[in-house]
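# Close look at the chain arrangement
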Amino acid sequence: METISRVGNSLVKIAACFALFSAGLTAAISASAQTPSPALLVLEKSDEKLAIVDPANLKIVGRVPSGGAPHEVVASDDGKFAYISNYAGQQVGQLKTLGVVDLTAQKALTPVDLGALRAPHGLAFADGKVYFTAEANKVIGRYDPAGNQVDWILGTGQNVTHMIALSKDLKTIFTSNIGSDSICFIEPGGGRNGWNVTPVSVGKGPEGFDLSPDGKEVWAANSGDGSVSVIDVASKKVTATLDLKTKRTNRLKFTPDGKLVVISDDGGGEVVFVDAATRKERKRLKVGKGPEGTLVQPDGAKAYVALSGENAVAVIDLKTLEVTGKIATGNGPDGLAWVQRK
């Protein structure tokens, strides 16, 4: 009977250990929940991390190291990977890289060493490749994930080439150039390099810009003088300058229907909404401290604005033009991206 009792006690201890192991495993799994689809990606710049947010409940489900001094983030078309421009300018000797994140595993992969290309910033994903700006070199580049190499570089000849976007047909690349007060149109053409670069002069210090959904206009937010320049794509000429009197505009986005333009004013703590057809201000909304990175959902229902000064992302209903919620983040949220698995 004593032997049976000892065996019984051992079984109880084993069961207890198994229960503790199961509880720990469950806690570990729940600590980093599966990446939802769709998901909102938020760069926590000061923490050097990428936060993955479930837009259904506004909760962070996971965090992944980003790399040094991250600025912008973009997702692959299939929703499997995120790419991050790592400025890495704060420490001497740090590499300037494109961070790569496996969004399914929520794991940082080996970053892309950009070598002599310094201060990568703006990002765009198109036709299976990552387009980026390198501010210190006055160039744009293209990274091919399949070949794991930068397969193309082109000089803009402009100072502080900051953000980048492509037309839907991929025939025109646009960049904002803060130091040269210009927007570049980059198109296939003659010459030795096979490309034509046409800078269009705009207001002071253009940062955020967007191509209208119909591809007919580029709107550029000029951070240095509180204006927005409207460029006709066909003629490559500024057709209107909107004096919005913002203190320091940071990002500008069209809604998918092309009817509304959403502009973050970092210096004023506001988001300005402009009617694209009339080019008149519809509303000026106080959102919080340091509104920077701005994203509009693909369905046009909501906009998200990173509030770097209060470690949050504001959620804006684009029907009522009101803040409906805030996402608590880590330190210094900025770059935003939307990801949908396919």
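Note: the structure precedes this text.
Okay, so let's go over this structure. Remember, predicted model here, so these are calculated numbers, not experimental data.

## Things to note about the sheet that holds strand β13 (residues 173-177)
What the four strands build is an open sheet, ordered β12-β13-β14-β15; its pairing is antiparallel. The outermost strands of the open sheet, each flanked by one partner alone, are β12 (161-166) and β15 (195-201). Between one strand and the next, the sheet's axes are offset by a mean angle of 20 degrees, whatever the strand orientation. In this sheet, strand β14 (residues 182-188) lies alongside β13 in antiparallel orientation, the contact comprising five bridges. Counterpart to F174 in the pairing with β14 is F185.

## Quick look at the pattern of salt bridges
Under the counting rule described, the total for this entry stands at 17 salt bridges. One salt bridge connects K286 with E270, and the closest N-O pair in it is separated by 3.7 Å. Placement of K286 in strand β23 (residues 280-286) and of E270 in strand β22 (residues 270-275) is noted, with a sequence separation of 16 residues between them. Given the relative accessible area of 59%, K286 is considered exposed. Note that K283 and E322 form a salt bridge whose closest N and O atoms lie 2.5 Å from each other.

## Section: the sheet that holds strand β2 (residues 49-54)
Taken in spatial order, the four strands of this open sheet run β3-β2-β1-β28, and their pairing is antiparallel. Whereas interior strands pair on both sides, the edge strands pair on one side only; in this sheet they are β3 (59-65) and β28 (333-339). This sheet shows a mean twist of 25 degrees between the axes of neighbouring strands, independent of strand direction. In this structure, β2 lies alongside β3, joined through six bridges in antiparallel fashion.

Calculation criteria
- Residues numbered from 1 in each chain as written.
- Predicted model: local features only at pLDDT ≥ 70, side-chain atom pairs only at ≥ 80, totals over all residues.
- Heavy atoms only, no water.
- Pairing = 2+ DSSP bridges.
- Helix = DSSP H or I, 4+ residues; strand = E, 2+ residues; numbered from the N terminus.
- Axes fitted to C-alpha atoms, helices over the stretch in contact; angles between N-to-C directions.
- Salt bridge = Lys/Arg side-chain N within 4 Å of Asp/Glu carboxyl O.
- Buried < 20%, exposed > 50% of the residue type's maximum accessible area, 1.4 Å probe, protein only.

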